[in-house]
Amino acid sequence: MGVGVAQSDFRRTRRLRRSESVRALVRETTLAPGDFIQPLFITHGAGVRREISSMPGQYQLSVDELPRELHELAELGIRSILLFGIPEEKDREASGAFAENGVIQQAMRAIKREMPEMVVIGDVCACEYTDHGHCGILTGCGEVDNDLSVELMARIALSQADAGADIVAPSDMMDGRVLAIRRALDEAGHLNVPIMSYAVKYASAFYGPFREAAASMPAFGDRRSHQMDPANAREAMTEIAIDLDEGADIVIVKPALAYLDVIRMARDTFDVPLVAYNVSGEYAMVKAAAQLGWIDERRVTMETLTAIKRAGAGRIITYHAREASRWLREGEAEARRAVDVMSEWHA
Ligand code: PBG
């Protein structure tokens with residue numbers, strides 16, 4: 001690359017790093033609260049606000065707790081939420097996932113009443129609703145049956161759209177589910193409900209804390225028969241191509257931090273909205289180290305989110321959404337104060 005080094009001088013990169021104002025002038029990647037999608041865990045009952053022990057600052061909330069939560073998020077500038085449901089009862093067929101009065105369906109209706117402009121994304125999966133904790137319907141020998149599970153996903157997605165979901169986000173990783181969901185939505189007249197597909201979802205150990213949060217630990221086995229092998233990046237492009245072919249509107253790469261190369265590859269290969277999921281384990285590690293005083297939580301969080309965006313993600317699903325938005329606001333206030341100080345000096 002020709003960087004045009006002058007003969008008489010040498011190039012000084014530090015010139016552009018002297019002050020926060022100059023650094024801000026040449027910054028390539030910036031974050032804003034509107035970049036973040038906050039996941040929320042909705043549980044049955046009333047007056048429930050239960051902190052998740054492995055995810056400090058994240059709560060299981062009952063539907064009546066939602067208005068307060070929504071106003072807090074909106075005040076911070078966060079405009080999208082991703083909903084997970086924890087039903088009162090689980091069964092083999094995940095019937096709580098598509099029940100008209102299921103916990104998620106109630107939550108969606110309540111949110112649309114309280115704050116219609118908040119973008120409500122429904123996670124479409126069965127693992128929080130099955131008594132065995134797997135993402136779909138099991139065959140006699142305990143394997144997840146692809147085609148029966150696809151039918152189930154279409155049914156769940158449709159019930160969420162009926163309840164007011166703005167976007168549905170299938171996270172089950174069955175083959176053919178995007179097409180089945182698109183058909184079901186279209187037939188029911190939900191032509192304008194987009195599909196945000198977890199196109200690239202790795203069989204990751206970083207989901208550990210989520211399984212406590214959503215009570216979705218598989219009773220036996222794991223998810224390696226349908227989630228991706230962490231060793232594969234090129235295969236991720238095939239997954240995205242298939243989902244786009246089937247009608248996905250937005251695609252997710254998940255987890256984020258250990259897969260920044262995959263995010264970059266996806267960004268360079270496809271021209272569609274790309275979302276990264278900064279998952280529960282990534283959040284828990286930052287929180288744990290911060291509690292021990294081993295890292296500077298604010299700086300590590302902002303550096304992490306910046307890296308995910310720099311890698312190519314347009315938006316980020318993150319449990320850090322609230323705090324990061326607060327810190328962004330504080331950062332702006334600090335910058336304004338610095339400018340005030342400068343103008344006082346020059347006055
Ligand atoms: C499945 C689902 C999972 C997550 C989001 N959707 C768990 C899994 O696949 O086991 C994980 C999110 C996180 O770890 O933050 N419904």
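A. The arrangement of the environment of arginine 18 in detail. As for its placement among the helices and strands, arginine 18 is situated in the segment before helix 1 (20-25). Spatially, the C-alpha atom of arginine 18 lies 52 Å from that of arginine 182, the residues being 164 residues apart in sequence.

B. The pattern of salt bridges, seen in detail. Applying the stated criterion across every chain, the model contains 21 salt bridges. Across the pair glutamate 65 and arginine 68 runs a salt bridge, and its minimum N-O distance is 3.7 Å. Looking at glutamate 65, the relative accessible area reads 16%, which means it is buried. A salt bridge links glutamate 75 to arginine 329, with the nearest nitrogen and oxygen atoms 3.4 Å apart. Of this pair, glutamate 75 sits in helix 2 (residues 66-76) while arginine 329 is found in helix 11 (residues 321-346), placing the two residues 254 residues apart along the sequence. Taking the relative accessible area as the measure of exposure, glutamate 75 reaches 52% and is therefore exposed. Several salt bridges converge on common partners, so that one network encompasses Arg49, Glu65, Arg68, Glu69 and Arg322.

C. Representation of the packing of helix 7 (residues 234-246) against helix 8 (residues 260-269) within the structure. Orientation of helix 7 relative to helix 8, taken along the N-to-C sense of each, is 50°, at an axis distance of 10 Å. It follows that helix 7 is oblique to helix 8 by the angle criterion. For the pair helix 7 and helix 8, the crossing hand works out as right-handed. Residue-level inspection shows Arg234, Ala236, Met237 and Ile240 of helix 7 in contact with helix 8, the latter providing Val262, Met265, Ala266 and Thr269. Taken together, the residues that form the contact of helix 7 with helix 8 break down as 6 nonpolar, 1 polar and 1 charged.

D. How the structure looks around the side chain of aspartate 243. The residue aspartate 243 is located in helix 7 in this model. Classification of aspartate 243 as buried rests on a relative accessible area of 3%. Polar side-chain contacts of aspartate 243 include one of 3.2 Å to the side chain of arginine 177. Dropping the residues within four chain positions of it, aspartate 243 is found in contact with Arg177, Val178, Ser197, Tyr198, Ala199 and Ala248.

E. Focus on the packing of aromatic side chains. Enumeration according to the criterion identifies 8 aromatic pairs in this entry. Both rings, one in tyrosine 198 and one in tyrosine 277, keep their centres 6.1 Å apart while their planes meet at 35°; by these two values the pair is tilted. Of this pair, tyrosine 198 sits in strand 7 (residues 196-201) while tyrosine 277 is found in strand 9 (residues 274-278), placing the two residues 79 residues apart along the sequence. Of the two residues examined, tyrosine 198 and tyrosine 277, each falls in the buried class. By way of ring pairs, the aromatic residues Phe41, Phe84, Tyr198, Phe210, Tyr277, Tyr283 and Tyr319 are connected into one cluster. The ring centre of tyrosine 198 lies 5.4 Å from the NZ or CZ of lysine 201, which sits over that ring. Directly above the aromatic system of tyrosine 207 lies the positively charged group of lysine 254, at a separation of 4.5 Å from the ring centroid.

Calculation criteria
- Residues numbered from 1 in each chain as written.
- Predicted model: local features only at pLDDT ≥ 70, side-chain atom pairs only at ≥ 80, totals over all residues.
- Heavy atoms only, no water.
- Helix = DSSP H or I, 4+ residues; strand = E, 2+ residues; numbered from the N terminus.
- Salt bridge = Lys/Arg side-chain N within 4 Å of Asp/Glu carboxyl O.
- Buried < 20%, exposed > 50% of the residue type's maximum accessible area, 1.4 Å probe, protein only.
- Axes fitted to C-alpha atoms, helices over the stretch in contact; angles between N-to-C directions.
- Parallel < 35°, antiparallel > 145°, perpendicular 65-115°, else oblique.
- Left-handed = near helix turned anticlockwise from the far one by under 90°.
- Contact = heavy atoms within 4.5 Å.
- Nonpolar A, V, L, I, M, F, W, Y, C, P; charged D, E, K, R; others polar.
- Polar contact = N/O pair within 3.5 Å; in protein donor to acceptor, adjacent residues only side chain to side chain.
- Phe/Tyr/Trp six-rings, centres within 6.5 Å; stacked < 30°, edge-to-face > 60°.
- Lys NZ or Arg CZ within 6 Å of the ring centre and 35° of its normal.

Everything listed is a geometric property; what it means functionally is a separate question.
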